Every structure is written in structure tokens, then in C-alpha cells.
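In case you want the letters, here they are:
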Amino acid sequence: MTTLIERVASRFPDAVASSHAWRGDETVVLRREGLIEAARFVKEDPDLAMNFLMDLSAVDYSAFGKGPAPAFFSSSGVAVRPTPNIPDEDPWPGPPSSERFAVVYHFFSTTHKHRLRFVVPVGEDEPEVDSLVTLWPGANWLEREVWDLFGIRFKGHPDLRRILMYEEFEGHPLRKDYPVNKRQPLIGPVN
Amino acid sequence: MPEHASFLTSRLNEALGWARKYSIFQYPFVTACCGMEYMATACSHYDVDRFGAGFPRFSPRQADVLFVVGTISHKMAPVLKRIHDQMAEPKWVVAFGVCTCTGGFYDNYATVMGIDTILPVDVYIPGCPPRPEMVLDGLMKLQDKIHEEHRTGERPAPEERPETLDA
Ligand code: SF4
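This one's a predicted model, so the numbers in the text were calculated from it and none came from an experiment. (Residues numbered from 1 in each chain as written. Chains lettered and ligands numbered in written order. Predicted model: local features only at pLDDT ≥ 70, side-chain atom pairs only at ≥ 80, totals over all residues. Heavy atoms only, no water.)

1. A look at the sheet that holds strand E2 (residues 25-30) of chain A
Residue and element names in this part refer to chain A. Strand order in the open sheet made by the five strands is E1-E2-E5-E4-E3, with mixed pairing throughout. Bordering the open sheet on either side are strand E1 (16-22) and strand E3 (52-60), each of which pairs with just one other strand. The average undirected angle you get between the axes of adjacent strands in this sheet is 20°. Pairing of E2 with strand E5 (residues 115-122), which is carried by three bridges, proceeds in the parallel orientation. Residue pairing in the sheet places valine 29 in a bridge with valine 119 of E5. On the sheet, helix H2 (residues 35-44) packs against E2, strand E4 (101-108) and E5 and is oriented at approximately 175° with respect to E5. Set on the sheet, helix H3 (residues 139-150) makes contact with E3 and E4; between it and E3 the angle comes to about 10°. (Pairing = 2+ DSSP bridges. Helix = DSSP H or I, 4+ residues; strand = E, 2+ residues; numbered from the N terminus. Axes fitted to C-alpha atoms, helices over the stretch in contact; angles between N-to-C directions. Contact = heavy atoms within 4.5 Å.)

See the structure below:
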């Protein structure tokens, strides 16, 4: 049985930059030129049939590895150690590329009950990827959210407006260089 | 004005205050988790109806007290201000939960750091969320204020904003 990664990689050898899988979660890192074709393939190929775009999000890696990692569990006093049957190694291969952003797509097939993740690295100079609204209409608001919070544009999106913040808001608050205390109130004093 | 007449009007005014404080029509502006605690307080176990405040009006034009229950974001702030502007005088505002008192633990691009930056607040009820007992205590404080206003003829000074305590 060929994995989902192999199918995508054999069909689009030029578009796939790398891939990894961890406990059945398969991830394909794609070059952005190949995104729309690969997405159409995973949606329309009857063996993959990814008819559900579960989530579409983005990551800003610009501050990655530059500060101490937040220790969520260490402060609780509870020792967090993997059980012996889980290999004690970090399964995450690290940032997908040296580019600042990565757009992440999670697909699910309701017919085959399998999942696949696409990661598309996007540079800071031209933060733009192709929109998937024509394939999954549900991508519409998700892409607006990524545009709103990360400032990544989606080429071909029918209505790329802010969705969470208001129109007058300046900047994209989930970018790591957005000052955490900066306030832009609509009314009332800046506090 | 003869002595007894002024006595009558002041007594009348006080009776009016008494009537007002026991027939609060509230507008619950519920935006977040504090809403659950608000419901717990409003339901039969704690029962705000005992204090005459059991009648929520979902129209600001018919409400006396604006209960701001839950986190207010900057995007929501103009809506809240407008609701407050639409209420008829006399009107009071209760900040329910630390989010509305000071912004609470939120310190980010989205949250208003206390609704008193945009509205006059009469009673602060801190807590995340406040216990129903605290809410009832706040409600009684508000009733005292309403009564006070009718007795003296002037509005009591607004509450001090609860400041962060030094640990
Ligand atoms: S004060 Fe706490 S419970 Fe109330 S809205 Fe804020 S976070 Fe939620």
C-alpha cells in the first residue's frame, strides 16, 4: 500500500520539497507554484478524495529558536516524560524551510477517513499563495483569517478582507514582530 | 415653599428611589464566559428576582442597568458604547468580571482594558468569574447607590477602579 505522501510525490515530483510522517500524520512540504495542482489532485483523485478542508492556518517562524521555549509543563511540577514504548526523540523535523512563513492545510477524506497535511513555505518579501476557494469554498473565511492575522495574501480569493479585526486596524497581530502591547482602539483612549 | 411641602417632595423622591431600586430592568450584555455565572446568579438557586432585578430586557431602551458581562474587544467597544447611548436616563452600568473591570489577564491587541475607559461604571464586580454571592453583593451596592441618589438628589461619586494589589 502506497502512502498518501508517495502518491503526491510521485505525481508532482517537482512540487514536493520534502515530507515527513509521524504516527500516521502525513505531511507534504510543497513549493507554492505546485500548490493548486496538488490540491486539486488530492481532492479529485478517487483514491485520495480529500473532500474536506479541515483547517487552513499559518506559522510565523521569524522568532523561532531565538528565545527560550515556553515551558508549559515544567512549572507545574509534573514530570512529563514519554512512556517507554514511545521513542524519546523529537518527531518534529523543524521549520519546513528558511522562509519566514508557512501556510498549513489540513485535509480529511470523509470517504476514506484519512488525513493529509500540506505545508507551503512563503517568503517575507512576497507573502502570497494561490487561493483554494475554487476547490473548497470553506477556504474563503480561513484564508481571510490568515490574511487578517498574518498578512499573507491569497491570489484569486474573491473577497480578501479582514475577518476578525476591524478595517481600520493596522498591521497583522499574529506576526511575531507585532508588539504585544500595542493597542489600536476604535474609540476611547489608548491604554 | 412651606415646610411640610418640601418634606412631602423629599419623601416622595425617596419613595421613588425605593421603587426604582427594587424594580431594576437589566440589560445583560453577555459576551463571554462570565455569562455562565450570570445565568447561575439569575436562575432560581440564587434568584436575582428576590432583589427585584429578575426582569432582563433585551432592548436598551427599556433597561435601567447595563450589565456588561464578559470580555469586551476593541471591535465590540463601539457597539457597547452605542447600547449605552441608547439607554434612557436614569441609567447605571455594572462591570461584571475582571475583564470588564480592568481587562483582567488579557494584555493584547484585541481587548479593552476595562470598560471604564469608554463608559462611566457604577459598580465593579471583580472575579473571574465572580461568585454569585459577589454578584448579589454588587447588586445590593447598586441598589444602595440608587437609593442614595434619590435621597440626596445627586449622583454618588463613581466607584474607584480596583487597582492591582501588590503581592
Ligand atoms: S472575567 Fe474571567 S470568566 Fe469573566 S469573561 Fe473574563 S475571562 Fe471570562
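Anyway, onward from the coordinates.
2. Regarding the environment of B:Pro28
Residue and element names in this part refer to chain B. In this structure, proline 28 sits in strand E1 (residues 25-30). On the basis of relative accessible area, proline 28 is assigned to the buried category, the value being 8%. Between the alpha carbons of proline 28 and proline 56 there is a distance of 6.8 Å; along the sequence they are 28 residues apart. Beyond its immediate sequence surroundings of up to four residues, proline 28 is in contact with Tyr38, Pro56, Arg57, Phe58 and Phe67. (Buried < 20%, exposed > 50% of the residue type's maximum accessible area, 1.4 Å probe, protein only.)

3. A look at the interface of chain A and chain B
Facing the 20 residues of chain A at the interface are eleven residues of chain B. At the boundary of chain A with chain B, total buried surface from both sides reaches about 1200 Å², with 63% on carbon and sulfur atoms. One can count one salt bridge joining chain A with chain B. The partner of A:Arg183 in a salt bridge is B:Asp107, with the nearest N and O atoms 2.4 Å apart. (Buried area = accessible area lost by both parts, 1.4 Å probe. Salt bridge = Lys/Arg side-chain N within 4 Å of Asp/Glu carboxyl O.)

4. A few points about the sheet that holds E1(B)
All names here are of chain B. Reading across the sheet, the five strands line up as E2-E1-E3-E4-E5 and stay open at both edges, with parallel pairing between neighbours. At either margin of the open sheet sits one strand with a lone partner, and together these are strand E2 (55-56) and strand E5 (123-125). Bridge count for strand E4 (residues 92-96) against E5 is three bridges, and the pairing is parallel. Directly across from valine 94, in E5, lies its bridge partner valine 123. In the packing of helix H5 (residues 132-152) onto the sheet, contacts are made with strand E3 (65-69), E4 and E5, and the angle to E5 comes to roughly 175°.

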